[in-house]
Amino acid sequence: MSVRVHIPSALQALYRMQRIEEVEAHTVGEVATMLNERFPGIYDRLMEPDGSIRRYVNVFVEREDGRWPGRADTQVENGKHVWIVPNIAGGARP
Amino acid sequence: MAERSPEKGDVLLMVGTRKGSFLYWSDPDRKEWHRNMSHDGWMIHHMTHDPRDNSIYAATNSDVFGAVVQRSPDFGGSWEQRSEKLDFPADTERRVRKAWHLAPKPGDSPGHLYAGVERAGLFITDDYGASWAPVTELNDHTHSENWNPGGGGLILHTIVVDPEDPDRIYVGISAAGVYRSDDGGKTWAAKNVGVRADFLEEKFPEFGQCVHKFALHPARPEVLYQQNHCGVYRSNDRGDTWVEITQGLPSEFGFPFAIHAHDPDTVYVVPLVGSENRVVPEGKMTVWRSRDKGSKWEALRSGLPDGAFLTILREGMAVDDCESSGVYVGTQTGQIFFSPDEGENWKVLVDFLPPIYSVSIGRVT
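A brief look at the structure comes next. Being a predicted model, the structure only gives us computed values, none of them experimental.

1. What to know about the overall build of chain A
And then number 1: Along its length, chain A carries three helices and five strands.
And then number 2: Counted from the first residue to the last, chain A has its helices and strands arranged as β-α-β-α-α-β-β-β.
And then number 3: Counting only C-alpha atoms and orienting by the principal axes, one finds that chain A spans roughly 40 × 30 × 25 Å.
And then number 4: Out of the 94 residues in chain A, the part that is buried amounts to 30%.
And then number 5: Contacts in chain A between residues at least 24 apart in sequence constitute 47% of all its contacts with a sequence separation of at least 6.

Given below as structure tokens:
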């Protein structure tokens, strides 16, 4: 079950990653686990200790019927794309 | 600033900002500085140098991706960022949101380090920051459910280890006060006797004081100093009791505190107007120095600007251990003021940086 994961620029720089990384995973949580095997530490950047997705991290999962926000247990489909997107909030602080 | 790599004996000036870290180094003349920068876009709350292996550690933070303690083995040329398990156990509601302070644990082994975090907690690593464990005896202290946040949040922002006894550890928590362990972190006691908490109904509680920064000198580790929300204090008995030494200063409020590298009786503060107006009084950038443990204070402003309504945060001042000790002050508006002569004369060393969160000093070994 291979999925293509779109990595935000902040994490590309931090872990010296490609813009798109390919991993074997069945769920969003497994995507984080598999990324962590190649980029140790990244799991903690994406997930809370209880296994949920971090508060300001959004994960969008491509399905046959469109692109949907995912939770840790959301299934990912073979050959599809997953986007990791930081929350964007602006104006209050430079 | 010319290019050359850090060399043995160089002074390291580590600057953490709202937008990345900046490392400067110079020979002890401190006339020609070199620079590199790292961590684009990340908030850097503190940096420290471990002279045992010349590692530099940075407390890097992101509102989205959380707290990461990063280590550089090559003066910022590259960074390691595993930083796993820098968080409270999953079965609690507490979460680590930022890393605020780092302190090497004294001893023969490099790679042993403490980290202070928000929500207030202490963590320890023995593998160069690759993985962390909570110091639960402090984090779950019986007081901890009643610790209240200060203006910056509920943060553990200062860690001081007695250089003569690594089992004696002090931490500062806003707004809970100073805590001390005498047994390597197994038990902790509040050490705030004599320190005011004017914002509480009870002015001298066991805990709840808003310590902003404290320090000790390695030559006299039984003496502690602290800049508090409500005054400046000295303890002659390892924090058991404190006496106020604010008299002579223009304000009781300020953030950083520093001790001269070679003279444990000489100390520095940067008073601000007060809690409601956190800028230097009258727009006169001034560092205040005492040569006698806080009995008398003198204003140092030769070379410092007027009409400058500047803010200096809790990690914003450091001293070096050169023969003529240097003093460095970083502002929230991106200047670093430098005195090469113990505070007598000042100049702008760097300007136009992002808001400065921390200024730290090391020496290349």
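After presenting the structure, the write-up continues.
2. Some points on the overall build of chain B
And then number 1: Across its full length, chain B carries one helix and 27 strands.
And then number 2: Its C-alpha radius of gyration of 19 Å places chain B within 12% of the 21 Å reference for a compact globule of 365 residues.
And then number 3: The C-alpha extent of chain B, read off along each of the three principal axes, is 50 × 45 × 40 Å.
And then number 4: Pairs at least 24 apart in sequence give 51% of the contacts found in chain B among residues at least 6 apart.

3. With respect to unusual backbone geometry
Trans is the common state for peptide bonds, and a negative phi is the common state for residues other than glycine.
Residues and elements named next belong to chain B.
And then number 1: With an omega dihedral of -10°, the bond running from E118 to R119 counts as a cis peptide bond.
And then number 2: Inspection of the secondary structure puts R119 in the loop between β8 (113–118) and β9 (121–125).
And then number 3: Residue S174 is joined to A175 through a cis peptide bond whose omega torsion reads 0°.
And then number 4: Among the secondary structure elements, A175 is positioned in the loop between β12 (169–174) and β13 (177–181).
And then number 5: A positive phi angle is found at K85, which is not glycine, with a value near 65°.

4. Things to note about the interface of chain A and chain B
And then number 1: Taken residue by residue, the interface counts 17 residues in chain A and 15 residues in chain B.
And then number 2: The leading source of residues in the side of chain A that touches chain B is helix α1 (residues 9–15) of chain A, at five residues.
And then number 3: Considering only residue class, the side of chain A that touches chain B consists of 10 nonpolar, two polar and five charged.

5. Section: the pairing of strand β19 (residues 254–259) of chain B
Residue and element names in this part refer to chain B.
And then number 1: The buried fraction of β19 amounts to six of the six residues, a majority that puts the element mostly inside the structure.
And then number 2: By the bridge criterion, four bridges tie β19 to strand β20 (residues 267–271) in an arrangement that is antiparallel. Residue A258 lies in a different strand from β20, and its bridge partner there is Y268.

6. A closer look at the sheet that holds strand β24 (residues 327–330) of chain B
Residues and elements named next belong to chain B.
And then number 1: Here we have four strands laid out as an open sheet, ordered β23-β24-β25-β26, and antiparallel in their pairing. The sheet terminates laterally at β23 (317–319) and β26 (347–350), the two strands that pair on one side only. Between one strand axis and the next, the sheet turns through 30° on average, direction left out of account.

Cut-offs used in this document
Residues numbered from 1 in each chain as written. Chains lettered and ligands numbered in written order. Predicted model: local features only at pLDDT ≥ 70, side-chain atom pairs only at ≥ 80, totals over all residues. Helix = DSSP H or I, 4+ residues; strand = E, 2+ residues; numbered from the N terminus. Buried ≥ 20, exposed ≤ 12 C-beta atoms within 10 Å, placed from the backbone. Contact = placed C-beta atoms within 7 Å. Rg over C-alpha atoms; globule rule 2.2 N^0.38 Å. Nonpolar A, V, L, I, M, F, W, Y, C, P; charged D, E, K, R; others polar. Pairing = 2+ DSSP bridges. Axes fitted to C-alpha atoms, helices over the stretch in contact; angles between N-to-C directions.

This is a description of form; function is not addressed.
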